[in-house]
2 protein chains.
Amino acid sequence: MSRKTSYAILGTGALGGLYGGMLANSGVGDVHFLLRSDFQQVKSAGLRVESIGGDFLLTSPQVYQSPADMPKVDVAIVCWKTTANDALPEALAAVCGPRTLVLVLQNGYQIEEDAARIVGAENVLGGCCFLCSNKIGPGHIRHIDYGRIAFGEYSPKLAGSITPRMQQLADEFRQAGIDMQPAEDLQTVRWRKLVWNIPYNGLSVILQADTRAIMDSPAASALTESLMRDVQGAAAACGSAVEDEHIQKMLGDTRKMVPYDSSMLLDYRAGRPIEVEAIFGNPIRAALKAGYRSTKIEVLYEQLRFLGERQTRNLTPVT
Amino acid sequence: MSRKTSYAILGTGALGGLYGGMLANSGVGDVHFLLRSDFQQVKSAGLRVESIGGDFLLTSPQVYQSPADMPKVDVAIVCWKTTANDALPEALAAVCGPRTLVLVLQNGYQIEEDAARIVGAENVLGGCCFLCSNKIGPGHIRHIDYGRIAFGEYSPKLAGSITPRMQQLADEFRQAGIDMQPAEDLQTVRWRKLVWNIPYNGLSVILQADTRAIMDSPAASALTESLMRDVQGAAAACGSAVEDEHIQKMLGDTRKMVPYDSSMLLDYRAGRPIEVEAIFGNPIRAALKAGYRSTKIEVLYEQLRFLGERQTRNLTPVT
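Residues numbered from 1 in each chain as written. Chains lettered and ligands numbered in written order. Predicted model: local features only at pLDDT ≥ 70, side-chain atom pairs only at ≥ 80, totals over all residues. Heavy atoms only, no water.

1. So, the interface of chain B and chain A
Note on interface size: it is often stated as the accessible area lost on association of the parts. Between chain B and chain A, the contact holds 31 residues from the first and 31 residues from the second. Overall, the association of chain B and chain A removes approximately 2500 Å² of surface from exposure, summing both partners, and the carbon and sulfur fraction of that is 68%. Of all residues in chain B, Leu207(B), Lys296(B) and Phe306(B) give up the largest surface area on contact with chain A, accounting jointly for 23% of the area buried on that side. Where chain B packs against chain A, one counts two salt bridges. Between Lys296(A) and Glu298(B) there is a salt bridge, with the nearest N and O atoms lying 2.5 Å from each other. Where chain B touches chain A, the interface holds seven residue pairs in polar contact (both at pLDDT 80 or more). For the side of chain B that touches chain A, the secondary structure elements donating two or more residues are helix H6 (186-207), helix H7 (211-216), helix H8 (218-237) and helix H12 (295-312) of chain B. Split by residue class, the side of chain B that touches chain A holds 16 nonpolar, five polar and ten charged. (Contact = heavy atoms within 4.5 Å. Buried area = accessible area lost by both parts, 1.4 Å probe. Salt bridge = Lys/Arg side-chain N within 4 Å of Asp/Glu carboxyl O. Polar contact = N/O pair within 3.5 Å; in protein donor to acceptor, adjacent residues only side chain to side chain. Helix = DSSP H or I, 4+ residues; strand = E, 2+ residues; numbered from the N terminus. Nonpolar A, V, L, I, M, F, W, Y, C, P; charged D, E, K, R; others polar.)

Here it is in structure tokens:
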């Protein structure tokens with residue numbers, strides 16, 4: 001390739017700001033950032049990334065407030081929350097040409113469907129990010145732990161192998177310092193990520209607790225493990241094997257991790273919508289369709305729906 | 001009977017203040033109230049009861065700060081929370097003679113055991129109160145809805161029938177205006193009460209919500225019903241039949257009820273211990289022993305243990 005690969009970062013927050021920032025800062029990619037509330041701040045003061053891999057400031061990133069102003073790109077990376085997907089049709093229409101790949105890095109299950117409906121499943125890749133990163137201020141990202149992305153083809157026609165375009169994308173990301181791992185089976189990757197997201201995102205909001213508080217409590221850590229087993233059961237019903245060792249590793253890694261407020265907890269505290277359907281509703285429904293009842297996850301799902309709806313209605317909690 | 005039946009009210013709060021107050025105010029009983037924090041207030045200003053059945057003020061009730069000062073009585077009524085049962089041996093030793101009956105009106109399952117260990121199972125009755133009543137200030141009770149007590153013999157030797165002493169007790173309570181219903185099977189009464197307590201007490205604390213907020217939410221009311229079904233399953237395993245109609249009645253009654261903060265929510269907000277073991281741990285363990293796994297209730301149990309322990313440790317929530 002003579003010219004750099006061009007990227008559109010849809011949502012320049014904890015994920016998009018970090019990975020897009022690394023692609024731009026390393027000089028590997030020609031990166032175009034879509035921003036909303038932080039546009040003016042980043043336009044004037046740049047994008048600031050504090051990362052365990054090294055801090056940097058992008059002084060004049062290519063930033064856009066409207067997708068209509070963005071160029072067509074080679075790769076569009078969907079980084080915002082699924083709750084913002086109403087904006088996806090306009091954004092993808094703007095940045096996608098016929099050969100644009102869409103990489104969906106959102107959390108949840110079957111959340112590539114929105115992009116697939118717009119650009120066709122064969123143009124969609126999905127990935128899961130295993131990292132602790134928060135946006136701590138406008139245009140200011142703090143990446144405190146981990147950082148790996150596991151990704152794969154979304155289209156059932158292409159799933160099951162590591163395609164050349166995946167290999168190329170992985171190579172580029174790695175040149176930018178990102179631990180980018182191609183996976184043959186995206187769905188299993190998603191289930192393995194849900195093993196973390198379902199208990200920790202859910203309980204962090206419901207119990208108002210960070211990962212340390214959850215793991216330090218015998219009750220909450222036992223509940224975490226039993227929720228992970230419920231995810232394992234749901235995954236198995238849907239054809240994805242999650243090994244016991246993965247559960248133990250997630251528990252062990254989180255126990256060793258710096259105390260971390262999940263992104264769902266931060267969203268909830270900030271009064272933003274929480275991703276209840278992507279992370280809880282979709283997996284429960286998919287498993288049920290496959291004959292598995294996610295009994296414990298259902299409890300968290302209903303609790304989070306209650307909390308999310310109360311928040312959306314802007315009703316003050318009784319407290 | 002030539003003289004009035006004498007009663008010791010152990011714990012003069014939402015329950016003990018109301019029922020003990022009605023027994024005294026009606027002139028039916030010779031009532032002796034044990035108080036702790038409210039002693040001086042009630043001693044000087046009386047016991048104030050606002051009730052849907054009629055307001056009254058007991059201007060000079062017989063009040064005690066220490067069980068040692070109390071007389072032996074015919075009936076000792078345990079009204080304080082199970083979390084205060086450390087004080088039970090001293091209190092029962094003080095007020096119980098060889099023929100004293102102990103009526104345990106606490107919430108939960110197998111919570112008569114503490115009293116039975118002290119005075120013998122054959123002297124213990126248990127009862128469940130179906131009412132909305134709160135202590136809203138020192139010596140000040142507000143009874144806003146319902147009021148029925150269902151009670152029965154605790155000893156397996158006497159269970160299964162309505163004994164003469166039960167009939168006599170029921171008659172006296174009714175003379176005092178209390179809807180007191182003898183039941184042949186105390187354990188089934190307890191399970192039927194747990195059908196209410198487990199979802200509403202649990203969810204009110206976890207979601208910080210009153211009964212109205214829970215029932216107005218499709219998510220939380222669906223969760224409530226599924227928790228009730230889990231209680232039904234646990235009860236069945238333990239030999240107690242809870243009919244579907246009972247579940248529907250509990251849901252319907254609560255929907256029609258004035259918005260109510262469960263006693264567990266009030267305890268939690270006030271920083272007092274919550275009755276996690278009596279209401280959640282004991283039923284779960286009893287059902288498990290009988291071969292039934294209370295999967296959904298377990299989630300609430302672990303969540304409440306976390307919240308209760310955080311509170312007990314006096315750690316500030318992360319919020």
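There's plenty left to go through after this.
2. Topic: the domain arrangement of chain A
Residues and elements named next belong to chain A. Domain boundaries in chain A define domain 1 (6-184) and domain 2 (188-312). Using only C-alpha atoms to locate each centre, domain 1 and domain 2 end up separated by 23 Å. Taken together, the contact between domain 1 and domain 2 spans 25 residues of the former and 23 residues of the latter. Carbon and sulfur atoms make up 58% of the area that domain 1 and domain 2 hide from each other, which totals about 2100 Å². By the criterion of area lost to domain 2, the three top residues of domain 1 are Lys 81, Asn 107 and Tyr 109, representing 32% of everything that side buries. Where domain 1 packs against domain 2, one counts two salt bridges. (Domains from an automatic or database assignment.)

3. With respect to the relation of the copies chain B and chain A
Rotating chain B by 180 degrees and moving it 0.0 Å along the rotation axis overlays it on chain A with an RMSD of 0.0 Å. In the structure described here, the two chain copies are related by an operation that fits a two-fold rotation axis. Nearest to the rotation axis, the C-alpha of Lys296(B) is located 2.9 Å from it, this being the minimum over chain B. A symmetric contact is evident, with 100% of the interface residues of chain B recurring at the interface of chain A. (Least-squares fit on C-alpha atoms with pLDDT ≥ 70 in both.)

4. Some words on the nonpolar core
Ranked by internal contacts, the top residues of the largest apolar core, which has 142 residues, are Val102(A) and Val102(B). The contact partners of Val102(B), leaving out residues within four places of it in the chain, are Ala76(B), Val78(B), Leu92(B), Cys96(B), Ala115(B), Val119(B), Asn123(B), Val124(B) and Leu125(B). (Core = buried A, V, L, I, M, F, W, Y, C linked by side-chain atoms within 4.5 Å. Buried < 20%, exposed > 50% of the residue type's maximum accessible area, 1.4 Å probe, protein only.)

5. Description of the packing of aromatic side chains
The full count for this structure, using the stated rule, is eight aromatic pairs over all chains. Pairing Trp196(A) with Tyr200(A) gives two aromatic rings, centres 4.7 Å apart and planes at 35 degrees, and the pair type is tilted. Placement of the pair is Trp196(A) and Tyr200(A) together in helix H6 (residues 186-207), with a separation of four residues, close to one helical turn. Here Trp196(A) falls in the buried class, since its relative accessible area comes to 12%. Classification of Tyr200(A) by relative accessible area gives buried; the value is 1%. Judged by centre distance (4.5 Å) and plane angle (45 degrees), the ring pair of Tyr109(B) and Trp191(B) falls under tilted. Of this pair, Tyr109(B) sits in the loop between strand E7 (96-104) and helix H4 (113-119) while Trp191(B) is found in helix H6, placing the two residues 82 residues apart along the sequence. In this structure, Tyr109(B) and Trp191(B) share a single accessibility class: buried. Aromatic rings pair up to connect Trp196(A), Tyr200(A) and Tyr260(A) into one cluster. For Lys193(A), the ring lying beneath its charged end belongs to Phe130(A), and the centroid distance is 5.6 Å. Here the guanidinium or amino end of Arg148(B) rests over the ring plane of Phe130(B), the centre of that ring lying 4.3 Å away. (Phe/Tyr/Trp six-rings, centres within 6.5 Å; stacked < 30°, edge-to-face > 60°. Lys NZ or Arg CZ within 6 Å of the ring centre and 35° of its normal.)

6. Some words on unusual backbone geometry
Notably, Gln110(A) is not glycine yet its phi reads approximately 55 degrees, a positive angle. Considering the arrangement of structural elements, one finds Gln110(A) in the loop between strand E7 (96-104) and helix H4 (113-119). With relative accessibility at 31%, the residue Gln110(A) sits in the partly exposed group. Its identity as a non-glycine residue notwithstanding, Tyr146(B) has a phi of 55 degrees, on the positive side. By the element assignment, Tyr146(B) lies in strand E9 (residues 140-153).

7. Observations concerning the pattern of salt bridges
All names here are of chain A. The full count for this structure, using the stated rule, is 36 salt bridges over all chains. For the salt bridge of Lys 135 with Asp 38, the shortest nitrogen-to-oxygen distance reads 2.8 Å. Of this pair, Lys 135 sits in strand E8 (residues 124-137) while Asp 38 sits in the loop between strand E2 (29-34) and helix H2 (39-45); the two residues are 97 residues apart in sequence, bridging distant segments of the chain. The residue Arg 190 makes a salt bridge to Glu 112 at a minimum N-O spacing of 2.5 Å. Of this pair, Arg 190 sits in helix H6 while Glu 112 sits in the loop between E7 and H4, and the two are 78 residues apart along the sequence. Judged by relative accessible area, Arg 190 falls into the buried class, the value being 0%.

8. Examining helix H12 (residues 295-312) of chain A
The terminal C-alpha atoms of H12(A), which comprises 18 residues, lie 26 Å apart, in line with the 26 Å expected from a rise of 1.5 Å per residue. Here H12(A) lies mainly inside the structure; 14 of its 18 residues are buried. (Expected span 1.5 Å × (residues − 1).)

9. Let's talk about the state of the cysteines
All names here are of chain B. Counted by the stated rule, this structure contains zero disulfides over all chains. Looking at the unpaired Cys 96, the closest cysteine sulfur is the one in Cys 79, lying at 13 Å. Take Cys 96: its relative accessible area is 13%, and that puts it in the buried class. Unpaired in terms of disulfides, Cys 132 finds its nearest cysteine sulfur in Cys 129, a separation of 12 Å. (Disulfide = S-S within 2.5 Å.)

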